[in-house]
Amino acid sequence: MTQSLTHTQTSPFMWYFLSALPRALSCSMFLVPIGLLLSPRTRQLVLPALMFVFIYSFLPHKELRFIIYVIPVCNVAAAEAMHKVWINRGKSSFQAMLCLVSVLHLLGNLATTGMFLYTSHNVHVHIDVAAAQTGITRFGQLYDNWRYNKTEDLAPGGVDMLSFTHIITGDPSHLPLYSNTHTTVAEVVSFNRVAFNRDKPPFLFWKHSPKMWILKRQ
């Protein structure tokens, strides 16, 4: 569900340099300064791009898409570093070791890309009738690539329902149908009834109980 306006628009000044760029460049991030050091031509290309990111950092609302154009430019510096290390690989054992590290970093990039791909795979959420009647909306949605479905005539526990990665249900009778396929990751507790206790002032108490359950496919 979409982040609140305040949360979405406020990020630390160094967020692009300490979070966005390192995650986007992965292991190649370590080769960028080497490329800048070894190639003056690369500095003429990369430094203005980094200055652009620095200026954009003054804006409190930060998103990767605002500076995505800088990623290929930084990769040029990383590629230049790999090129320099490669052509000098035979000059010494140290240069050979640097060459090996630069080649292995590609495997590191592949591994981190696979990890990010796994953790960001599409989430497909079904909201059943009982849950939808409580007023569930997409206001406060965290991730735009999540998909939501409110189809009403799907059989609980049926094949169609099992295709969803997550289920939000407000009907406790449905829970046993998913006991072998899903895990309850959260419960939403709300008012159930007013209870009276004559031994404990103020005597009237609000009783709460689970009203909705968020299930995740195993």
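Look a little higher up for the structure.
What counts, and where the lines are drawn
- Residue numbers run consecutively from 1 along every chain, following the written order of its sequence.
- Restriction of local features to residues with pLDDT of at least 70 applies here, the model being predicted, together with a cutoff of 80 or more for giving and counting side-chain atom pairs; totals for whole chains, interfaces and linings are based on all residues.
- To get the side-chain values, all heavy atoms of the structure are used, and hydrogens and water are removed first.
- Starting at the N terminus, helices and strands are each numbered in turn, a helix being any DSSP run of H or I of at least four residues and a strand any DSSP run of E of at least two.
- Throughout this description, buried means an accessible area under 20% of the type-specific maximum (1.4 Å probe, protein chains only), exposed means over 50%, and partly exposed covers the range between.
- Any two residues whose heavy atoms approach within 4.5 Å are treated as being in contact.
- Among buried residues, those of type Ala, Val, Leu, Ile, Met, Phe, Trp, Tyr and Cys that are joined through side-chain atoms within 4.5 Å constitute a nonpolar core.
- Here, expected helix span is obtained from the residue count minus one, scaled by 1.5 Å.
- Put simply, a salt bridge is a Lys or Arg side-chain nitrogen that is within 4 Å of an Asp or Glu carboxyl oxygen.

**Some thoughts on the overall build of the protein chain**
(1) Moving on: A count of helical and extended segments in the protein chain gives 8 helices and 5 strands.
(2) Moving on: Secondary structure elements of the protein chain, listed N to C terminal, follow the sequence α-α-α-α-α-α-β-α-β-α-β-β-β.
(3) Moving on: In the protein chain, which comprises 218 residues, the proportion classed as buried is 30%.
(4) Moving on: Contacts in the protein chain between residues far apart in sequence, at least 24 positions, make up 63% of those at least 6 positions apart.

**Notes on the nonpolar core**
(1) Moving on: Counting 19 residues, the largest nonpolar core has Y16, V32, V53, I67 and V70 as its most contacted members.
(2) Moving on: When residues of this core are traced back to their parent elements, those giving at least two are α2 (15–25), α3 (32–38), α4 (40–56) and α5 (70–87).
(3) Moving on: With 7 residues, the top contributor of residues to this core is α5.
(4) Moving on: In this view, I67 contacts Y16, L21, F52, V53 and Y56; residues no more than four positions away in its chain are not counted.

**A look at α5**
(1) Moving on: Taking 1.5 Å per residue, 18 residues should reach 26 Å; α5 reaches 26 Å between its end C-alpha atoms and fits that length.
(2) Moving on: Of the positions making up α5, those classed as buried are V70, I71, V73, C74, A77, A78, E80, A81 and V85.

**Thoughts on the pattern of salt bridges**
(1) Moving on: Inspection of the entire model under this criterion finds 3 salt bridges.
(2) Moving on: E80 is paired through a salt bridge with R41; the nearest N and O atoms lie 3.8 Å apart. Here E80 is found in helix α5, whereas its partner R41 is found in helix α4, with 39 residues between them in sequence.
(3) Moving on: For R41, a relative accessible area of 62% translates into the label exposed.
(4) Moving on: A salt bridge links E63 to R65, with the shortest nitrogen-to-oxygen separation between them at 2.5 Å.
(5) Moving on: What you see here is one network of salt bridges that share partners, running through R41, E80 and K84.

Purely spatial values, then, with no claim about function.
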